Amino acid sequence: MELSGGTELRSVAIIASGSIRYTGTAGLHLEDVFLVAGGDITLDASVTLGNPATYCGDGIYASYIFARGSIDFDGSAGAYGVMAAANRILTGEGFVGGGGYLEAVDPIVIAPSTVLSGCDTAPSSDVFAVSLPTEAPGEGALLVR
């Protein structure tokens, strides 16, 4: 799935069995989104996620990004109040993030000139519980734990 620049996505869920990618230069703003990819998620330096003015005061994560493969922020202009989980996470050079939570199977690659900041109180999650099936999932299924 390809996302185009000059776009603003709010309060949407995008679930792709393959990869989700944005490599435009016009900018993409994502807020209150839920992205799930069976492959990789690749964003570029003109992408912003969340609101830099309110991410600590909101008290909850603004966006959720999960990938079975990797999440490459590629130096995104900003990721505020984002919870992300994947096998591998790369911030990219010049990445700016605040009030987020990153979890990966492999070590998270934090590039030079990355700026990370926290909040006085950790955000909570709108996702209260995830029920996993007792049987093995079907082929190609994505499980987030």
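See the structure above.
**A short note on the side chain of Thr91**
Thinking step 1. In this fold, Thr91 is placed in the loop between strand S10 (88-90) and strand S11 (96-98).
Thinking step 2. When its relative accessible area of 0% is taken as the criterion, Thr91 is described as buried.
Thinking step 3. With residues up to four places along the chain from it excluded, the contact list for Thr91 reads Phe73, Asp74, Gly75, Ser76, Val109, Ile110, Ala111 and Thr114.

**Observations regarding the packing of aromatic side chains**
Thinking step 1. Taken as a whole and assessed by the stated rule, the structure comprises 6 aromatic pairs.
Thinking step 2. Pairing Tyr55 with Tyr80 gives two aromatic rings, centres 5.2 Å apart and planes at 35°, and the pair type is tilted. Taken together, the residues span a long stretch of sequence, with Tyr55 in helix H1 (residues 55-58) and Tyr80 in strand S8 (residues 78-80) at a distance of 25 residues.
Thinking step 3. On the numbers, 6.4 Å between centres and 65° between planes, the contact of Tyr61 with Tyr64 is edge-to-face. With respect to class, Tyr61 is no different from Tyr64; both count as buried.
Thinking step 4. These aromatic residues form a ring-pair network of at least three members: Phe34, Tyr61, Tyr64 and Phe66.

**Examining the state of the cysteines**
Thinking step 1. What the rule picks out here adds up to 1 disulfide.
Thinking step 2. With a sulfur-sulfur separation of 2.1 Å, Cys56 is cross-linked through a disulfide to Cys119. Its S-S torsion of about -90° marks the bond between Cys56 and Cys119 as left-handed, since a negative value means left-handed. One end of the pair, Cys56, is in helix H1; the other, Cys119, is in the segment after strand S13 (115-117), and 63 residues separate them in sequence.
Thinking step 3. With relative accessibility at 34%, the residue Cys56 sits in the partly exposed group.

About the thresholds
Residues numbered from 1 in each chain as written. Predicted model: local features only at pLDDT ≥ 70, side-chain atom pairs only at ≥ 80, totals over all residues. Heavy atoms only, no water. Helix = DSSP H or I, 4+ residues; strand = E, 2+ residues; numbered from the N terminus. Buried < 20%, exposed > 50% of the residue type's maximum accessible area, 1.4 Å probe, protein only. Contact = heavy atoms within 4.5 Å. Phe/Tyr/Trp six-rings, centres within 6.5 Å; stacked < 30°, edge-to-face > 60°. Disulfide = S-S within 2.5 Å.

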